Number of protein chains: 2
Amino acid sequence: MVDWLGLYSQRVSSVRSSALRDMLRLTQEADVICFSGGLPAPELFPIDRFREACDLVLTVNGRQALQYSPTEGYAPLRRLVAQMLQPYGLRAQESNVLITTGSQQATDLIGRLLLDSGDRIVVESPTYLGALQSFDIRQPRYTVVASDEDGMLVDELAPLFRMRPKFVYVLPNYQNPTGFTLSMERRRTLVALAQEWGVPVLEDDPYSQLRYEGELIPPVIALDAAGGNGGYCGSVVYHSTFSKVLAPGLRVGWVVAPAEVIQQLVDLKQGADLHTSTLSQMVAFEVARDGFLDEHVGRLREIYGHRRDVMLQTMEAHFPEEVTWTRPKGGLFLFVTLPDHVRAKEVLVESLRRMVAFVPGEAFFPAGGGENTFRLNFSNAKPDRIEEGIRRLGAILKAFCVHN
Amino acid sequence: MVDWLGLYSQRVSSVRSSALRDMLRLTQEADVICFSGGLPAPELFPIDRFREACDLVLTVNGRQALQYSPTEGYAPLRRLVAQMLQPYGLRAQESNVLITTGSQQATDLIGRLLLDSGDRIVVESPTYLGALQSFDIRQPRYTVVASDEDGMLVDELAPLFRMRPKFVYVLPNYQNPTGFTLSMERRRTLVALAQEWGVPVLEDDPYSQLRYEGELIPPVIALDAAGGNGGYCGSVVYHSTFSKVLAPGLRVGWVVAPAEVIQQLVDLKQGADLHTSTLSQMVAFEVARDGFLDEHVGRLREIYGHRRDVMLQTMEAHFPEEVTWTRPKGGLFLFVTLPDHVRAKEVLVESLRRMVAFVPGEAFFPAGGGENTFRLNFSNAKPDRIEEGIRRLGAILKAFCVHN
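What counts, and where the lines are drawn
- Residues numbered from 1 in each chain as written.
- Chains lettered and ligands numbered in written order.
- Predicted model: local features only at pLDDT ≥ 70, side-chain atom pairs only at ≥ 80, totals over all residues.
- Heavy atoms only, no water.
- Patch = residues over 30% accessible without salt bridge, like charges linked within 9 Å, V, L, I, M, F, W, Y side chains within 5 Å.
- Areas by Shrake-Rupley, 256 points an atom, 1.4 Å probe, with all protein chains shown as cover.
- Salt bridge = Lys/Arg side-chain N within 4 Å of Asp/Glu carboxyl O.
- Lys, Arg positive; Asp, Glu negative; His and termini not counted.
- Charge placed at Lys NZ, Arg CZ, Asp CG, Glu CD.
- Helix = DSSP H or I, 4+ residues; strand = E, 2+ residues; numbered from the N terminus.
- Buried < 20%, exposed > 50% of the residue type's maximum accessible area, 1.4 Å probe, protein only.
- Polar contact = N/O pair within 3.5 Å; in protein donor to acceptor, adjacent residues only side chain to side chain.
- Least-squares fit on C-alpha atoms with pLDDT ≥ 70 in both.
- Contact = heavy atoms within 4.5 Å.
- Buried area = accessible area lost by both parts, 1.4 Å probe.
- pLDDT = per-residue confidence, 0-100.
- Pairing = 2+ DSSP bridges.

A closer look at a negative patch on the surface
All names here are of chain A.
Point 1. On the surface, E149, D150, D155, E156 and E185 cluster together to form a negatively charged patch.
Point 2. With respect to the helices and strands, the residue E149 is situated in the loop between β5 (147-148) and β6 (151-152).
Point 3. Overall, the relative accessible area of 65% leaves E149 in the exposed class.

Printed below as a string of structure tokens:
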């Protein structure tokens, strides 16, 4: 008989994967008010546009849409992605773009390309747990940098760069889970340090288009400009996705990087899944093209911005004084800090009893800590449900802050 | 400045990935008679059924189809896959099935789960190079077993099992690239050895439904029955795909394994791409359901069987005496052996000049060798093109066999 347990390579991080699994499971219960996942509002999906796109793609190019396709991705989609970065002055070409099976695959491939067991990487703390899960398989050592309202404390990086980390992983816009945005000044510092020390930046940017207030700040990759590869220095590997602005069910994301890095990632992607669904890519292109994506993002900004406001106002009215939280200018999440002695996991048990779900912050802290924090999503539930859920949560928190 | 070359982990096998890349590139040239890739015939894709399925899925369940979904896969599709193995007496449940982003992701995830650097795995030689590429990232040691018309020489396994390999990778039906099928007797031996030594079998089965002659032989996983997990012993991890029987552009494959193994693979898949395209999964289910898949496979068997016959007959008439080849009873490929002194790569240069593409066999041999072999695909080109291409190839081969 096969002893499976004895055969496993010791690489599965059960802590983070179970946190993600719990999150997905909670969001499937219909009656639960769901502040847990990073789920777009399903009632805003442009379903008619998708139906027309599927019909068009299959009618005009059915044989292509159902066949194997190049690992790099569907050429018109690669060009569209390159164009999306042009307003920031980045002259990316088709050869700088790889289409991935969601943004998750981007972090996975980059981890495979750069990490050997024991390598050091620098991350914000807290940071996106899905990225940590991708990196975990390589058993890296995490060096953490704290953040404040202006994002990662980049002044702390120089001494860390002396330890020769393989890269810095950063979510500059409306960070997950904090909602913080890296300031223009800090972006400039980050790029200067990356160039000086030769430590690449891995820029994860799923939310930048979902901006509800404040000025547009260029992505870090666009600041890395001083000639060289395709008009930039090539110190940054950038990745993003259609998941938050069109539909996560497609699993279509992308990497923008120096062409030589893209070519390495293509080789790795071949071994991982050959290529991303041809149908998904062609449909995503047909849906996004001719300015539709921008129009649709305009609608999302209006509606998600309102939901954020409703959540913040209701928290103001119903959360106890001892609790603090962030006020993000965009994205999908805000982050709550409880008094030191209150455990978010214990609050969650009570909260689920009253049919309200959120994600305890612990799993987002790669070096531990955060037991008294949790993340709230404001894009998925409708305003009346947000009010109701936050009111319930407020009552629970008051009890915890008094009794514990 | 970032020195990318100095940062890469030393894991990208450029030999195999460039072989795959060349293959995909060759198949994109319109005028080339393409015997190279494992491409289904695009004119046989059931495009109307796909169009109806997309329309239905988006009209009835659009919000679900475009949203995040569980890593395990779309439940009705998991049940359908479990049912597909029931005719062989395998009582697989939904919990024994993981939906993957094509069959390529199945080999990748299994490699991640089981392999540490330097681990030994047993493979046929030659074998599918895409699987080798998945495993390569873990830097395993390949132990090779030869095969003949009845498949892998399983009698050679026992001494190899003493070296404690992590698993045996086998393509029992119409193997890629040889076209060989593992006999019933050898399947029984293989399962008995796996159970006795506790060495799992990784069964790769993309082609079994494409049978043109001979009896139906149960998959290895169905022979691994003596009680235990879900009615079988759990010594086999099985994977297959819709790529060859419906459409590769969907990227929908699956693993069937003991539930505990599936749970580990789910954790790894979360880190790799969160889940397979929800739209692709739901559309694949709607297309395949209600007996359509079986009907469609019936059409493919008739047409591909005829193409195989045309290729074999034309080879018989036009290939020189010194050349030998296999006569597969199903699948997509046959395998050609040239006289020892003739190099398939040199033949390919000449062949491409005359617009005929095939894949030199070398990359399929994990322990080297095979320079005088190549693989021919007979599913993609139409019969008149097959005749024309094989005639051209025959003329080239005659020149090589005479002059060299």
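What about the environment of R138 of chain A?
All names here are of chain A.
Point 1. Mapped onto the fold, R138 is located in the loop between α6 (129-136) and β4 (141-145).
Point 2. Judged by its relative accessible area of 6%, R138 is buried.
Point 3. R138 sits 24 residues away from L114 along the chain, and the two C-alpha atoms are 9.6 Å apart.
Point 4. Engagement of the side chain of R138 in a polar contact is seen with the backbone oxygen of R112, the distance being 3.3 Å.

So, unusual backbone geometry
Point 1. The omega torsion across S125 of chain A and P126 of chain A is 5°, close enough to zero to call that bond cis.
Point 2. Summarising the element assignment, P126 of chain A is placed in the loop between β3 (120-124) and α6.
Point 3. Along the chain, N176 of chain A connects to P177 of chain A via a cis peptide bond; the corresponding omega equals 15°.
Point 4. Position of P177 of chain A relative to the elements: it lies in the loop between β7 (167-170) and α8 (184-197).
Point 5. Look at M355 of chain A: it is not a glycine, yet its phi comes out positive at around 65°.
Point 6. Summarising the element assignment, M355 of chain A is placed in the loop between α13 (344-353) and β13 (356-357).
Point 7. Phi at R251 of chain B takes a positive value of approximately 55°, unusual for a residue other than glycine.
Point 8. Residue position: R251 of chain B is located in the loop between β9 (236-241) and β10 (253-256).

A short note on the relation of the copies chain B and chain A
Point 1. The transform that puts chain B on chain A rotates by 180° and translates by 0.0 Å along the axis, for an RMSD of 0.0 Å. With respect to symmetry, the two chain copies, as superposed, fit the operation of a two-fold axis. Taking C-alpha positions as the reference, the residue of chain B nearest the rotation axis is C54 of chain B, at 3.3 Å.
Point 2. Residue by residue, 100% of the interface of chain B is reproduced at the interface of chain A, so both copies engage with the same surface.

Overview of the interface of chain B and chain A
Point 1. Contacts between the two partners involve 85 residues from chain B and, on the opposite side, 85 residues from chain A.
Point 2. Taking both partners together, chain B and chain A bury about 7,800 Å²; carbon and sulfur atoms supply 60% of that area.
Point 3. Where chain B meets chain A, there are four salt bridges.
Point 4. The shortest N-O distance in the salt bridge between R112 of chain B and D108 of chain A comes to 2.5 Å.
Point 5. Our enumeration of links across chain B and chain A arrives at 32 residue pairs in polar contact (both at pLDDT 80 or more).
Point 6. Contributing elements (two or more residues each) for the side of chain B that touches chain A: α1 (4-7), α2 (14-26), α3 (47-65), α5 (102-114), α6 (129-136), α8 (184-197), α10 (259-273) and α11 (278-288) of chain B.

What to know about the confidence of the model for chain A
Point 1. In this model, chain A carries a mean pLDDT of 92, and residues with pLDDT of at least 70 account for 93%.
Point 2. In the predicted complex, the global pTM is 0.95; the interface-specific ipTM is 0.94.

Considering the pairing of strand β15 (residues 373-377) of chain A
Residues and elements named next belong to chain A.
Point 1. Of all five residues in β15, five are buried; the element is thus mostly enclosed.
Point 2. Burial of the side chains of β15 extends over both faces: T373, R375 and N377 are buried on one face and F374 and L376 on the other.
Point 3. Relative to β15, strand β12 (residues 333-337) is paired through five bridges, and the arrangement is antiparallel. Bridge pairing links F333 to N377 in β15.
Point 4. Sheet topology note: the strand β14 (residues 359-360)/β15 ladder contains two bridges and is antiparallel. Counterpart to V359 in the pairing with β15 is R375.

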